[in-house]
Amino acid sequence: MRSLLVLGLALLVLSACAPPRETRSAAEAAPPAASAPAGAAAPAPAAAPPSGPVTIKVGMNVGASDSGIFLAMDRGYFAEQGFEIDITRGSTELMPSVATGDLDVLAPSVSAAMLNAITRDIPLRVVADKGSDPPGFSYQVIAVRKDLWDSGQVRDWGDMRGRRLAQAGIKSSVDFLFARGLAQAGLELSDVELMTVPYPDMNAAFANGTIDVASFWEPLLTVGIDQGWLVRWKPVEELDPGHQSGILIYGKNFLVDKPEYGYRFMKAYVQGVRAYNDAYRKGIGRDAVIASIASHTGVKPELQERTVPAGLNPDGCANAADLADQLAWFRSAGYLQRDLELDAVLDNRFCERAVQELGRYGN
């Protein structure tokens, strides 16, 4: 049965690899609630931390929007919950590992692959924000090749017909963004050429003229601007304020088998996210936060200072309204294998428990 589950999920994702692991000891280093999956335990009072360190396995790309996890590691918040964190680099291609319990937590983007896994009654749920675009935090941008901008060939969405639009994933939330922008000019996705380009290769694709437009993230966005390959065209916050791109998902380990670990992980994560927001919203401990991000991602502090930070909800929860909009679009675009409602995708009990214990974040 386990092998059939892995095989079925592998068919939903197009890139499956064996990424390297980075192991770091944590000691070293307000939407309505959605229904829980069948068999999930109801919220219970917080219990004592495990008697010894428990390894929690997390899959993520190790980028700036993972800062809540980095800071919870470096500041001992996970250690306070009795956890140490074992990181596997990757994203959507790691969903089979979450489904089978080989990973506990995954930090992917919203995608048809993730949603279609849920349509097959596989226990996966969105439990937190892990990268969004509220005002002032539009770290995701629709970028245009500089020569097209300088020549005046591209000014608005009406100039997109026949252009090559790139994104890092396949049938992801970027399709939703492109469709929303194109609709402003009466165009559809069928009027453009959609291309898939891995995030690290975006700048090279702009430089050699392979792509015209791309949904791009910091910090490589700023690197490309510095090199003269592209221009910042449409901040995502203009297209879809509060756009939910990055998410945290739990699988059966935390949803069904050990929800108390899910609560503990979320509390530590929200504490890390709040340290991040203190730095970028209030200027509290900013240098230390930037240094922590640099130590995990390799992005130098001087580059970080010139980039737009990712949005991370200081109360943890994902943007339910935006997820509902995306889900409706995925449904209308024919990306879903069967119909799916929001309460089958989103589980807010973990972030809401964290807010109950920590209080709401003060602006």
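One can find the structure itself at the top, above this paragraph.
Residues numbered from 1 in each chain as written. Predicted model: local features only at pLDDT ≥ 70, side-chain atom pairs only at ≥ 80, totals over all residues. Heavy atoms only, no water.

**Description of the environment of Ser 67**
Thinking step 1. By the secondary structure assignment, Ser 67 is in helix H2 (residues 67-74).
Thinking step 2. Between the C-alpha atoms of Ser 67 and Val 289, which are 222 residues apart in sequence, the distance is 8.5 Å.
Thinking step 3. Apart from the residues within four sequence positions on either side, Ser 67 is in contact with Tyr 276, Ile 293 and Leu 312. (Helix = DSSP H or I, 4+ residues; strand = E, 2+ residues; numbered from the N terminus. Contact = heavy atoms within 4.5 Å.)

**Things to note about the packing of helix H7 (residues 173-183) against helix H15 (residues 320-332)**
Thinking step 1. Packing of H7 against H15 leaves a shortest axis separation of 10 Å and a crossing angle of 85 degrees. The angle between H7 and H15 falls in the class roughly perpendicular. Together, Ser 173, Asp 175, Phe 176, Ala 179 and Arg 180 of H7 and Asp 322, Asp 325, Gln 326, Trp 329 and Phe 330 of H15 make up the contact between the two elements.
Thinking step 2. Of the residues assigned to the contact of H7 with H15, the class counts are 4 nonpolar, 2 polar and 4 charged. (Axes fitted to C-alpha atoms, helices over the stretch in contact; angles between N-to-C directions. Parallel < 35°, antiparallel > 145°, perpendicular 65-115°, else oblique. Nonpolar A, V, L, I, M, F, W, Y, C, P; charged D, E, K, R; others polar.)

**Quick word on the environment of Ala 321**
Thinking step 1. Turning to its location among the elements, Ala 321 is positioned in helix H15.
Thinking step 2. The spatial distance from the C-alpha of Ala 321 to the C-alpha of His 243 is 9.5 Å, given a sequence separation of 78 residues.

**Some thoughts on the pattern of salt bridges**
Thinking step 1. The tally for this structure, following the rule as stated, stands at 20 salt bridges.
Thinking step 2. Put simply, Arg 306 and Asp 226 hold a salt bridge, and the shortest N to O gap is 2.7 Å. Here the residue Arg 306 occupies a position in the loop between helix H14 (301-304) and H15, and Asp 226 occupies one in helix H9 (residues 220-227), the gap between them amounting to 80 residues.
Thinking step 3. Residue Arg 306 is classed as partly exposed on the basis of its relative accessible area of 47%.
Thinking step 4. Where Arg 360 meets Asp 315, a salt bridge forms, and the shortest distance between an N and an O atom there is 3.2 Å. Taken together, the positions of Arg 360 in the segment after helix H16 (349-358) and Asp 315 in the loop between H14 and H15 put the pair 45 residues apart, joining distant regions of the chain.
Thinking step 5. On the accessibility criterion, Arg 360 (53% relative accessible area) is exposed.
Thinking step 6. On the basis of relative accessibility, which here comes to 12%, the residue Asp 315 falls in the buried class.
Thinking step 7. Taken together, the salt bridges that share partners define one network made up of Arg 145, Asp 147, Arg 164 and Asp 212. (Salt bridge = Lys/Arg side-chain N within 4 Å of Asp/Glu carboxyl O. Buried < 20%, exposed > 50% of the residue type's maximum accessible area, 1.4 Å probe, protein only.)

**What about the side chain of Ser 65?**
Thinking step 1. Here Ser 65 lies in the loop between strand S2 (54-60) and H2.
Thinking step 2. A polar contact of 2.7 Å, which involves the side chain of Ser 65, links it to the side chain of Lys 130.
Thinking step 3. Setting aside anything within four residues of it in sequence, one finds Ser 65 in contact with Lys 130, Gly 131, Tyr 139, Ala 310 and Leu 312. (Polar contact = N/O pair within 3.5 Å; in protein donor to acceptor, adjacent residues only side chain to side chain.)

**Some thoughts on the nonpolar core**
Thinking step 1. Counting 97 residues, the largest nonpolar core has Met 160, Phe 265 and Met 266 as its most contacted members.
Thinking step 2. In terms of residue count, helix H12 (residues 259-282) provides more of this core than any other element does, 12 residues in total.
Thinking step 3. Discounting chain neighbours no more than four positions away, the residues touching Met 266 are Val 127, Ala 128, Tyr 250, Phe 350, Cys 351 and Ala 354.
Thinking step 4. In terms of nonpolar packing, the next biggest core, distinct from the first, is built from 13 residues, Ala 166, Met 195, Ala 205 and Ile 211 among them. (Core = buried A, V, L, I, M, F, W, Y, C linked by side-chain atoms within 4.5 Å.)

**Describing the sheet that holds strand S7 (residues 140-145)**
Thinking step 1. An order of S9-S8-S10-S7-S11 is seen for the 5 strands of this open sheet, with the pairing classed as mixed. In this open sheet, the two strands that pair with only one neighbour each are strand S9 (193-196) and strand S11 (230-235). Direction aside, neighbouring strands of the sheet carry axes that sit 35 degrees apart on average.
Thinking step 2. In this sheet, S9 lies alongside strand S8 (residues 164-167) in parallel orientation, the contact comprising 4 bridges. When the bridges of S9 are listed, Gln 167 appears paired with Thr 196.
Thinking step 3. Docked against the sheet, H9 engages S7, strand S10 (213-217) and S11, running at close to 135 degrees with respect to S11. (Pairing = 2+ DSSP bridges.)

**Side note on the state of the cysteines**
Thinking step 1. According to the stated counting rule, one finds 1 disulfide in the structure shown.
Thinking step 2. The disulfide bridge from Cys 317 ends at Cys 351, spanning 2.0 Å between sulfur atoms. Residues Cys 317 and Cys 351 are joined by a disulfide whose S-S torsion is about 95 degrees; by sign, that bridge is right-handed. Residue Cys 317 is found in the loop between H14 and H15, and its partner Cys 351 is found in helix H16; the two are separated by 34 residues along the sequence. The burial state of Cys 317 is the same as that of Cys 351; both residues are buried. (Disulfide = S-S within 2.5 Å.)

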